[in-house]
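Okay, here's what each chain looks like letter by letter:
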Amino acid sequence: MFRYILIFLFCFTGTVVKAQVNAEDISSMQKQEDSLKYYAKGMVYDSMAENRFYFDSVFIRRFVAALKTPHSFQYPFDSLITISRLYAPDSSFRIFTWQLRRDESYYRQEGAIQMRTRDGSLKLFPLFDVSDYASVPTDSIRTNKNWIGAIYYNIIEKEFKGKKYYTLFGYDDNDMASTRKWLEILTFNAAGEPVFGGHYFTYKDDELKAPQPVDRFLLEYQKDARARLVYDPELDMIVFDHLISENNQPQKKFTLIPDGDYEAFKWQNGKWVHVSKLFNQSLKDGEAPRPEPIYDKEGSSMKPLKEKNK
């Protein structure tokens, strides 16, 4: 009975698997996952940089070995909490990403794309972060071998003229002064290989954004600030914070902070088209929402009036 429960849980991922799933393989991956948890946590949380790099090296080798198990694509590895694990909306692939820190001034991202295959065999594209060697990381189309690293936290699928476009939302701790968030379009070429980037983001040049044309969109801001870059399904738009420089030096990205306004991108004719101001509604004097009136019409405090009526 337990064997059939395992098979049901393994297959219930929205993907139809034609081949018989072997319960022994599932059990094997569960055991491997238990071992992987130790290394996945160590490469992020260990206090010594040399230990973190060691854990990372061991994790990669053992993780690839686990993925070689037949039909591993359906296995969630959901106890690996330090690893981002995202399935494409159409379940054609999934992408793993994580971050390795040397110190507060140096971060490197790693990852891999696992493709869904009919026979359950492993088709894997490792991702090699070359951000350190990219002086202008927004201006080039790239492959998995010269990837601009990020930890991906969301993926959405769009289509234009029969071709699928996957928009990746990425995070990068970058360095001790600034944080980066990325929008990246992932497509697959005729050989089925991943292609990162392309001229899919259109906006007017300004002092805060990378000059056009760009192959990926970058939102870089002050380390301690919190800037949103999210997909809003109700609006069907990508929404992000409008940034300003706190000391009027917009060329220095570590001075940029959100000002309360929002910009957006809307998918039109195979491109993400910029919306410079998402919300145009403005309040008149006295219309700011308040839980109860503070002043009367003459501008006097309402508190004494309330106390008189007690």
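Our subject in this report is the structure included herewith. Just so you know, these numbers come straight off a predicted model, no measurement behind them.

## Observations regarding unusual backbone geometry
Cis peptide bonds are those with omega within 30 degrees of zero, and the linkage from Q212 to P213 qualifies with -5°. With respect to the helices and strands, the residue P213 is situated in the loop between β9 (201-202) and β10 (217-222). For F77, which is not glycine, the phi torsion reads 50° and is therefore positive. One non-glycine residue, N248, lies in the positive phi region at around 60°.

## Points about the packing of aromatic side chains
In this structure the tally under the stated criterion is 25 aromatic pairs. On the basis of an interplanar angle of 90° and a centroid distance of 5.4 Å, the ring pair of Y38 and F55 is categorised as edge-to-face. Here Y38, found in helix α2 (residues 23-45), pairs with F55, found in helix α3 (residues 49-67); they are 17 residues apart in sequence, far enough to count as distant. Judged by its relative accessible area of 9%, F55 is buried. Each ring, one from Y166 and one from F188, has its centre 6.3 Å from the other, and the planes form 80°; the classification is edge-to-face. Here the residue Y166 occupies a position in strand β6 (residues 163-172), and F188 occupies one in strand β7 (residues 178-188), the gap between them amounting to 22 residues. Taken together through their ring pairs, the aromatic side chains of F59, F63, Y75, F77, F96 and W98 make up a single cluster. We note R94 situated over the ring of F73; from NZ or CZ to the ring centre the distance is 5.7 Å. Over the face of the ring belonging to Y203 we find K209, whose NZ or CZ atom lies 5.9 Å from the ring centre.

## Structural notes on α2
With 23 residues, α2 extends 33 Å from end C-alpha to end C-alpha; this agrees with the ideal 33 Å at 1.5 Å per step. Largest kink in α2: about 25°, centred on L36. Listed as buried for α2 are A23, I26, M29, E33, L36, Y39, A40, G42 and M43. Where α2 begins, one side-chain oxygen reaches toward the backbone nitrogen of E24, 2.7 Å away; that side chain belongs to N22.

## Considerations on the sheet that holds strand β12 (residues 237-245)
Overall, mixed pairing links the five strands, which are arranged β9-β14-β13-β12-β11 in an open sheet. The strands lining the two open edges of the sheet, one partner per strand, are β9 and β11 (229-232). Bridge count for β11 against β12 is four bridges, and the pairing is antiparallel. Paired with Y231 across the bridge in β12 is I238.

Scoring rules and cut-offs
- Residues numbered from 1 in each chain as written.
- Predicted model: local features only at pLDDT ≥ 70, side-chain atom pairs only at ≥ 80, totals over all residues.
- Heavy atoms only, no water.
- Helix = DSSP H or I, 4+ residues; strand = E, 2+ residues; numbered from the N terminus.
- Phe/Tyr/Trp six-rings, centres within 6.5 Å; stacked < 30°, edge-to-face > 60°.
- Buried < 20%, exposed > 50% of the residue type's maximum accessible area, 1.4 Å probe, protein only.
- Lys NZ or Arg CZ within 6 Å of the ring centre and 35° of its normal.
- Expected span 1.5 Å × (residues − 1).
- Bend = angle between axes of the 7 residues up to and from the residue.
- Polar contact = N/O pair within 3.5 Å; in protein donor to acceptor, adjacent residues only side chain to side chain.
- Pairing = 2+ DSSP bridges.

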